[in-house]
Amino acid sequence: MMRNKKNTIAKLLAEEDIFVIHKQMETAYFDVKNRELGLPIWKENAINDVEEELMVCHEIGHALETPLSMLEDATIRKIEHSVVNVLEDARIEKKVKNKYLGTVRIFNAGYDSLIKKDFFGTSGKDLATFNLIDRINLFFKGNTDVVFSDEEKVWVDRTAKTETPDNVLDLAEELIAWMADNPESMGSPDDSDKGESGESDEGESGESDSTGQSESGSTGQEEGKENDISKDASKSDDDDSNANNSGDDSDDAGDAQDGADKNILEVPNKKDVVEGGKSGEGAASTPNITAETDSKFGKSITDARDMNAEDVNYVRVNDIDLDQVVVPYKKVIEDNEKHYKKDRFFFATGEEVAELKKSSKKTVAYMVKEFEMKKSADAYARAAVSKTGSLDMGKLHTYKYNEDLFKKVTTLPGATSHGLVMCLDWSGSMSENLEGTLTQLFNLIWFCRRTNIPFEVFAFTNVYSRYSEGKSLEREAGAFELNNFSMLNVFSSKMTNDEEIKMMHILWMIANQWGNRNWSENGYPQRASAAYQLGGTPLNEAVIAMMKIVPKFKNETGVQKVHSVFLTDGAGNNLNSKHEWKLNTYESSESYGEQVLSTTAIQGKCVITDPVTNKTIETEKRYWSATPLLLELLKNRIPEMNVVGFFVAGSGKQGKVKSDTLRYAIDGWRNKYNSDEDIRKALADLNKNNVFVAKSKGYDEYYILPGAGRLSVEDFEMSDDLVGASKAKLKTAFAKSSAGRISSRPLLNKFIAMVA
């Protein structure tokens, strides 16, 4: 609860929906490129609430005020990073305090607590022995015991008056030069430090270099991340400058270079980064002017971290560019018209589609009628009757025994307009059931046409992108590492009738390229174009794409309620990695700044956030399925949206559903605790109704369908033997015929139940 509270505070203060994460990291930071605020996982009681609130407010200052270019400018100008860091901290904290007066208390109480815990290394020391930049740091951190000379107060005043990043950089450059010319500002050695730690300040510095971690608390974060301002961006120059030294110095330089992988900060989209060094052009001759209190604070933060805590993976839902993913239906038709030859197979399959439409007309019309009647009956059942306040003159003569003399009005509730968006599994395992699935789909489309229900149907595939000339999906830092996939827009209510029948014919030819056909009559099947062949199952990618497709559909059609339907025959491909930016730091300094793509497998605790709705889902499982989690996030995009799944579970020539398959689908993901009796009942229900309604995480309703021939629709005709039969027999036969027509169309039947 406290973590969520801090997340909310951070977003409110930053005045934008920044991404707040809590994970294993060296210190708090703000990534100015990806707008990400990171907080470490602390040891128990190491950091209290007010101290962490201070860190949030501080990093928000960077979010609001520190530009990404400041890191690059400081590096190019070769200004000591710790000095810039101290001055920039003072500037951004002043800005935060002026903007949010309530944060003054947080800063004062937080720094007071940290100073008492000796986070700045001042305990038992004479503050007069610290150099000027350290005393400026302590002063602006709330330590009132700091003493300055009259000349030094000028620099304190100038620090307080900085307004822009350029002011800070200029001041840092001038201050370093002034301190170099005024040795008295450098403070004096404090022997108590050796007594406490067993080593000198130089020893501490050497230890920091040898581990590749600056005591300043540099996080070593990826591109654009800032622990305040980069504390290690210029370290590599220092280490390289010592590379020619003899003995231990050379080893230290090598160790520091090894640590550069963690501590160099990326400059976005920039191949060449000028290495940093000491301040100004005279860096080689300038004294070692650094802010030791800043370094000590970084080391204290590291000591407060819980290194043994389980790490948390944070992933954001990708912001997919639909133009890169969706293939328009006109493009699908155009490609396939060029591919297919008009041979015997072409004409035979065309006639089959025409016959299928003709034979389904009566049944679809019947179901449209049933749908309208059911919708009207439901509306009247919810009708409200109220008095108008006007006398009914036809009842006035009954005033002696009737008190109800006023006119009444019946108000029918407004009808809700519905829309359908369907995702069809275009994977290889669908091949044996594809013909029956398309038959069900065609009936649903014809029904939507007759009832004027807007619809879109997409086939999700990972094959089309291999053969298309389009660009690959852009990789997003902190988001899922998506495989390239496509959403083939195979049907749309915006299609003309001619386009619709062409698309049905194309898909029917693809479905009939396998199986047993009478080649002598129907011709030898043509293979589909390579781009439209069946492939893998990018179901998870399709769900992420639907997070943009469905809101767009709803806005364009104006429907009040959307039904998102997924029709698959199994689980989607793995989606178990995320993308992160890394910095390439090889032996040559010329590689600094090059962007290297890396993926990190997601195992253990994971927090998935939708940046659009700000909905967050956490999973504690070691291994988990992304599909139910993504479906839950999809439902949050559109209020009151139905998310329905149809699982074509049948296999083989008979399309039978195996008990293990049913057990897999019932009551959640891979639940193995359903009794054999439950499974037997479910199979009996499935065989009787041609569909079984199950529960599955992420879906509002989950339907299990048989396969093969049992997916084929049937149009029962009245037998000639019924001529002259009794009314009762005719009534029974008609009821069976109607029931058979409906049960053979489970996809259409269940959709009607949703929208009526």
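Since the model is a prediction, treat every value here as computed from it, not as a measurement. (Residues numbered from 1 in each chain as written. Predicted model: local features only at pLDDT ≥ 70, side-chain atom pairs only at ≥ 80, totals over all residues. Heavy atoms only, no water.)

Student: Would you take a moment to explain the overall build of the protein for this structure?
Tutor: If you tally the helices and strands in the protein, you get 26 helices and 19 strands. By residue count, 52% of the 756 residues in the protein fall in the buried class. If you sum the accessible surface of the protein, you get close to 35400 Å²; carbon and sulfur atoms cover 48% of it. (Helix = DSSP H or I, 4+ residues; strand = E, 2+ residues; numbered from the N terminus. Buried < 20%, exposed > 50% of the residue type's maximum accessible area, 1.4 Å probe, protein only. Areas by Shrake-Rupley, 256 points an atom, 1.4 Å probe, with all protein chains shown as cover.)

Student: Mind showing me how you'd approach the pattern of salt bridges here?
Tutor: Pairs can form between side chains of opposite charge whenever their charged atoms are close. Tallying each qualifying case throughout the model produces 22 salt bridges. Between lysine 94 and glutamate 163 there is a salt bridge whose closest N-O contact spans 3.2 Å. Of this pair, lysine 94 sits in helix α4 (residues 81-99) while glutamate 163 sits in the loop between α7 (150-160) and α8 (165-181); the two residues are 69 residues apart in sequence, bridging distant segments of the chain. Glutamate 163 gets classed as partly exposed once you look at its relative accessible area, which sits at 40%. (Salt bridge = Lys/Arg side-chain N within 4 Å of Asp/Glu carboxyl O.)

Student: Hey, could you run me through the packing of helix α2 (residues 49-65) against α4 in this one?
Tutor: Axis separation between α2 and α4 bottoms out at 9 Å; the angle between their running directions is 95 degrees. One way to sum up the angle between α2 and α4 is to call them roughly perpendicular. Note on element contacts: α4 touches α2 through Glu88, Asp89, Arg91, Ile92, Glu93, Lys95, Val96 and Lys99, opposite Cys57, His58, Gly61, His62, Leu64 and Glu65. For the contact of α2 with α4, a count of residues per class yields four nonpolar, three polar and seven charged. (Axes fitted to C-alpha atoms, helices over the stretch in contact; angles between N-to-C directions. Parallel < 35°, antiparallel > 145°, perpendicular 65-115°, else oblique. Contact = heavy atoms within 4.5 Å. Nonpolar A, V, L, I, M, F, W, Y, C, P; charged D, E, K, R; others polar.)

Student: Is there a simple way to explain the pairing of strand β17 (residues 642-648) in this structure?
Tutor: Looking down a regular strand, the side chains alternate between one sheet face and the other. The element β17 is largely enclosed, with a buried count of seven among its seven residues. Of the two faces of β17, the one carrying Asn642, Val644, Phe646 and Val648 and the one carrying Val643, Gly645 and Phe647 are both buried. Bridge count for strand β12 (residues 561-568) against β17 is six bridges, and the pairing is parallel. Across the sheet, residue serine 564 finds its bridge partner in β17, namely valine 643. Note that β17 and strand β19 (residues 701-705) share five bridges and pair parallel. Bridge assignment links valine 648 to a residue of β19, and that residue is leucine 705. (Pairing = 2+ DSSP bridges.)

Student: Would you take a moment to explain the pairing of strand β10 (residues 455-461) for this structure?
Tutor: The element β10 is extensively covered by neighbouring structure, given that seven of its seven residues are classed as buried. Neither face of β10 is exposed, since Phe455, Val457, Ala459 and Thr461 on one face and Glu456, Phe458 and Phe460 on the opposite face are all buried. Summarising the sheet, strand β9 (residues 418-425) and β10 pair through six bridges and their orientation is parallel. Paired with cysteine 423 across the two strands is phenylalanine 458, which belongs to β10. Tracing the backbone out of β9, into helix α17 (residues 434-451) and back to the parallel element β10 gives a crossover that is right-handed. Relative to strand β11 (residues 486-492), β10 runs antiparallel, the two being bridged by six bridges. Paired with phenylalanine 460 across the two strands is methionine 487, which belongs to β11. (Right-handed = clockwise from strand over helix to strand, strands pointing away.)

Student: Would you take a moment to explain the packing of aromatic side chains for this structure?
Tutor: Each aromatic ring pair is characterised by the separation of its centres together with the angle its planes make. Inspection of the entire model under this criterion finds 16 aromatic pairs. Taken together, a centroid distance of 5.0 Å and an interplanar angle of 20 degrees make the contact between phenylalanine 120 and phenylalanine 297 stacked. In this pair, phenylalanine 120 sits in the loop between α5 (103-116) and α6 (132-140) while phenylalanine 297 sits in helix α13 (residues 292-304), placing the two residues 177 residues apart along the sequence. Summarising the burial analysis for this pair, phenylalanine 120 and phenylalanine 297 share the class buried. (Phe/Tyr/Trp six-rings, centres within 6.5 Å; stacked < 30°, edge-to-face > 60°.)

Student: Explain the environment of valine 312 to me, please; I cannot follow it from the model alone.
Tutor: Within the element layout of this structure, valine 312 appears in the loop between α13 and β5 (313-316). Measuring from C-alpha to C-alpha, the distance between valine 312 and glutamine 24 comes to 7.5 Å, with 288 residues separating the pair along the chain.

Student: Just to check I follow, could you spell out the sheet that holds strand β15 (residues 606-610) for this structure?
Tutor: Strand pairing within a sheet occurs via backbone hydrogen bonds; the two strands may be parallel or antiparallel. The three strands are arranged β5-β15-β16 in an open sheet whose pairing can be described as mixed. Whereas interior strands pair on both sides, the edge strands pair on one side only; in this sheet they are β5 and β16 (615-619). The average undirected angle you get between the axes of adjacent strands in this sheet is 20 degrees. When β15 meets β16, the two strands line up antiparallel, connected through five bridges. Paired with isoleucine 608 across the two strands is isoleucine 617, which belongs to β16. With respect to the sheet, helix α22 (residues 626-637) is in contact with β15 and β16, its orientation differing from that of β16 by roughly 165 degrees.

Student: I keep staring at α4 and nothing clicks. Help me out?
Tutor: Residues separated by three or four positions in an α-helix point in the same direction, a consequence of the helix having 3.6 residues per turn. Under the 1.5 Å per step criterion, the end-to-end length of α4 is 26 Å for 19 residues, consistent within 8% with the ideal 27 Å. By the criterion of burial, α4 is predominantly enclosed, with 15 of the 19 residues buried. (Expected span 1.5 Å × (residues − 1).)

Student: Help me understand the confidence of the model for the protein in this model?
Tutor: Low-pLDDT stretches of the model should not have their predicted coordinates read in fine detail. Residues with a pLDDT of 70 or more make up 64% of the protein, whose mean pLDDT is 74. Per-residue pLDDT stays below 50 along residues 192-286; that stretch engages in 217 contacts with residues further than four places along the chain or on separate chains. A low-confidence stretch, residues 582-599 stays under pLDDT 50, and its non-local contacts, those more than four residues away or across chains, total 57 contacts. (pLDDT = per-residue confidence, 0-100.)

Student: What should I look at first to understand the packing of α6 against α8 in this one?
Tutor: At a minimum axis separation of 10 Å, α6 and α8 run at an interaxial angle of 130 degrees. With respect to each other, α6 and α8 are oriented oblique. Taking contact as the criterion, the partners of Leu132, Ile133 and Ile136 in α6 are, on α8, Leu175, Trp178 and Met179. Across the contact of α6 with α8, the residue classes tally to six nonpolar, no polar and no charged.

Student: Looking at this structure, I do not really get the environment of threonine 349. What am I missing?
Tutor: Relative to the elements of secondary structure, threonine 349 occurs in helix α16 (residues 344-381). Judged by its relative accessible area of 0%, threonine 349 is buried. Sequence-wise, threonine 349 and isoleucine 506 are 157 residues apart; in three dimensions their C-alpha atoms are separated by 8.9 Å. Excluding residues that lie within four positions of it along the chain, threonine 349 makes contacts with His505, Trp508, Met509 and Arg517.

Student: Help me understand the side chain of asparagine 318 in this model?
Tutor: As for its placement among the helices and strands, asparagine 318 is situated in the loop between β5 and α14 (322-325). Its relative accessible area of 6% is what places asparagine 318 among the buried residues. For asparagine 318, the contacting residues outside a window of four places in its chain are Glu476, Ala479, Phe480, Leu482 and Ile544.

Student: Would you take a moment to explain the sheet that holds strand β6 (residues 326-327) for this structure?
Tutor: Taken in spatial order, the eight strands line up as β6-β11-β10-β9-β12-β17-β19-β18 in an open sheet, and their pairing is mixed. Each end of this open sheet is capped by a strand with a single partner; those strands are β6 and β18 (692-694). Helix-sheet contacts for α17 involve β9, β10, β11, β12 and β17, and the interaxial angle to β9 is about 165 degrees. The strands touched by helix α19 (residues 497-511) within the sheet are β10 and β11, with β11 carrying the most contacts at an inclination of about 130 degrees.

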